[in-house]
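The primary structure of each chain is shown beneath.
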Amino acid sequence: MMNIYNPSNEQLLKSVEEDSSQTILDKLNKLRHGQLLWSQKTVAERLNCIVKFGALVQSNIDNLAKVLTSETGKPIQQSYNEIRGANNRIEHLKQNAEKWLADNVIEGLEGTYEKIIHEPLGVVANISAWNFPYNVGYNVFLYALVAGNSVAYKPSEFATLTGLAFADLLYEAGVPENVFQCIVGDGSTGQAMLEVAFDGYFFTGSYPTGLHILKEVAPKMVPVQLELGGKDPLYVMDDVKDVKVAAVNAAEGAFYNNGQSCCAVERIYVHENIYNDFIKFFLEEVEGYVIGDPESENTFIGPLTRKGQLNLLRNQVDDAISKGAKLLLGGDELAGKGNFFAPTILIEVNHEMLVMKEESFGPIIGIQKVKNDEEAIELMKDTEYGLTSAVFSTDQARAEQVLKIMNTGTVYWNCCDRVSPNVPWSGRNKSGVGTTLSSQGIRAFTQPKAYHWREV
Ligand code: NAD
């Protein structure tokens, strides 16, 4: 049995039965049967179930938000935001999926024609993360289902109850049980999924686990897609219209969901001409955040989902201070029960420090002063990750000069920490391989078959 705890008070929420190697195999076989019929349905029929699922989620939002908050510690208002916001994937699929999955016919000469059809992969494994289980879950399992695959969805061990709720609501919406199955457990259960023959592996999580999966699955020669972490930079230029607004937005990008977003702002560079004002406003903003019970509507900073992250953050703070950084705010965990870490601001930082190089995934930020755009570019590019980069500036051309040379899947001008179904979501280097969202994101769950047809 696997115990699920509330990270804000460390109380046991529930014990759930974990899957074994045998039950994973049984579920895979069941999903293989189900996929044959499911793939023969029209895209519109499959879409219909997904749209119903979306409506059921919204009508159960009060209960679902409570569940999400209880197992991850996400402040309740942010749980509502996530559940409402994720519905934009369903709207986007509704408008586009039939078009994206339609055959492409190319008329040839003398009675020949060619055709591309987009066949589903088959039974796909979706091994997922806990930080935004609706967003990152939907990006994979909904698109996979609409494309005609069946799905073995393994929620993170820190978002299991949410994952089980997805299964119940998908069934209620008409997705057959042999088309979607939840696989319950921790990393060892994920490992067992690598040892059977899925037709594709779609993973969201950390770089070390992603690398491990890539290596383990390589001999199977099936598609593997990895949505991994980041060390996303934000550069605040000296021409921003309002330094206070820039500071408020930067702080939200760094601290929303307690900094536990794959595209959270993880390091900030500020032009020296506005540096002092920026720091003043940034500090004021973060000092005003309400920390505490995630079930309270006013809370902006709740507990960290994973206890182990407290050590990583403390280590980043100690390392930075030992190398000359100045601690402006926070710096340690809060006394009492729960995985609370104080929002932490470090200045006078540099790239010798872990806080500017390693993913923090928590409520901590390093802010570095830069002389000019060239210095900012050099520092922004000094990373092994490649998820997002952001610039705040009134001058679009100047911002674009910086952003076009960033080796990241996403770039932001005057915004950050944002994902949209209209555009592809992808990481480069240690941030991952492959794409979700947009037309490219649905193609990830298909394989092309080329027809060469000649009438005689
Ligand atoms: P994690 O790597 O610890 O776990 C992710 C999943 O992998 C979990 O379901 C876990 O049980 C499973 N797992 C662990 N070991 C495994 C193994 N040996 N074989 C198979 N599965 C295994 O990551 P996490 O803590 O859940 O998520 C946080 C990370 O995810 C951060 O680095 C964050 O940046 C990243 N993330 C990326 C995106 C993105 O879209 N790029 C989105 C959300 C989160």
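Each remark here, short or long, concerns the structure printed above.
For clarity, every value in this text was computed on a predicted model and none was experimentally measured.

Novice: How would you explain the sheet that holds strand 3 (residues 104-107) if you had to name every residue and give the values?
Specialist: Spatially, the three strands line up as an open sheet ordered 3-4-20, and their pairing is antiparallel. Strands at the two margins of the open sheet, each flanked by one partner only, are strand 3 and strand 20 (446-454). Adjacent strand axes in the sheet meet at a mean angle of 15°, parallel and antiparallel pairs treated alike. Bridge count between strand 3 and strand 4 (residues 112-120): four bridges; the pairing is antiparallel. Bridge pairing in strand 4 links Val105 to Lys115.

Novice: Talk me through the site of the ligand; I want residue IDs and the actual numbers.
Specialist: Around the ligand, the surrounding shell holds 30 residues, and the nearest of these are Glu157, Ser206, Thr209, Leu228 and Glu359. Taking Gly187, its main chain carries an N or O atom lying 3.5 Å from an oxygen atom of the ligand. At a separation of 3.2 Å, a nitrogen atom of the ligand approaches a polar side-chain atom of Gln191. Taken by itself the ligand offers 860 Å² of open surface, and the protein chains cover 91% of this. Among the secondary structure elements, those contributing two or more residues to the shell around the ligand are helix 7 (187-194), strand 8 (200-204) and helix 8 (207-217). The dominant element in the shell around the ligand, judged by the number of residues it contributes, is helix 7, at four residues. Along the lines of polarity and charge, the residues of the shell around the ligand split into twelve nonpolar, twelve polar and six charged. There are two domains that each give the shell around the ligand at least three residues, and those are domain 1 (2-228 + 427-454) and domain 2 (232-413).

Novice: Account for the packing of aromatic side chains, naming residues and giving values.
Specialist: All chains considered together, the criterion is met by 21 aromatic pairs. Measuring from ring centre to ring centre gives 5.6 Å for Trp130 and Phe361, while their planes differ by 75°; the resulting arrangement is edge-to-face. Residue Trp130 is found in the loop between strand 5 (123-127) and helix 5 (133-146), and its partner Phe361 is found in the loop between strand 13 (344-347) and strand 14 (364-370); the two are separated by 231 residues along the sequence. In this structure, Trp130 and Phe361 share a single accessibility class: buried. Ring centres of Phe255 and Tyr289 lie 5.9 Å apart, and the angle between their planes is 65°; on these two criteria the pair is classed as edge-to-face. Taken together, the residues span a long stretch of sequence, with Phe255 in helix 9 (residues 243-255) and Tyr289 in the loop between helix 10 (275-287) and helix 11 (309-322) at a distance of 34 residues. Among the aromatic residues, ring-to-ring pairing joins Phe53, Tyr134, Tyr138, Phe141, Tyr153, Phe166 and Phe180 into one connected group.

Novice: Please set out unusual backbone geometry residue by residue, giving values where relevant.
Specialist: Backbone phi values are negative for most residues with the exception of glycine, while trans is the configuration of most peptide bonds. Of note, the phi angle at Met221 is positive, near 55°, even though the residue is not glycine. Examined against the element boundaries, Met221 turns out to sit in the loop between helix 8 and strand 9 (224-227). Classification of Met221 by relative accessible area gives exposed; the value is 72%. At Asn414, a position not held by glycine, the phi torsion is positive, near 60°. In this fold, Asn414 is placed in the loop between strand 16 (410-413) and strand 17 (425-426). Assessed through its relative accessible area of 40%, Asn414 is described here as partly exposed.

Novice: I'd like a description of the environment of Asp242, backed by residues and values.
Specialist: Take Asp242: it is sitting in the loop between strand 10 (232-236) and helix 9. Residue classification places Asp242 among the partly exposed residues on the basis of a relative accessible area of 38%. Each C-alpha atom, one on Asp242 and one on Phe278, is 9.7 Å from the other, the two residues being 36 residues apart in sequence. Here Lys244 takes part through its backbone nitrogen, which lies 2.9 Å from a polar atom of the side chain of Asp242.

Rules and cut-offs
- Residues numbered from 1 in each chain as written.
- Predicted model: local features only at pLDDT ≥ 70, side-chain atom pairs only at ≥ 80, totals over all residues.
- Heavy atoms only, no water.
- Pairing = 2+ DSSP bridges.
- Helix = DSSP H or I, 4+ residues; strand = E, 2+ residues; numbered from the N terminus.
- Axes fitted to C-alpha atoms, helices over the stretch in contact; angles between N-to-C directions.
- Near = heavy atom within 4 Å.
- Polar contact = N/O pair within 3.5 Å; in protein donor to acceptor, adjacent residues only side chain to side chain.
- Areas by Shrake-Rupley, 256 points an atom, 1.4 Å probe, with all protein chains shown as cover.
- Nonpolar A, V, L, I, M, F, W, Y, C, P; charged D, E, K, R; others polar.
- Domains from an automatic or database assignment.
- Phe/Tyr/Trp six-rings, centres within 6.5 Å; stacked < 30°, edge-to-face > 60°.
- Buried < 20%, exposed > 50% of the residue type's maximum accessible area, 1.4 Å probe, protein only.

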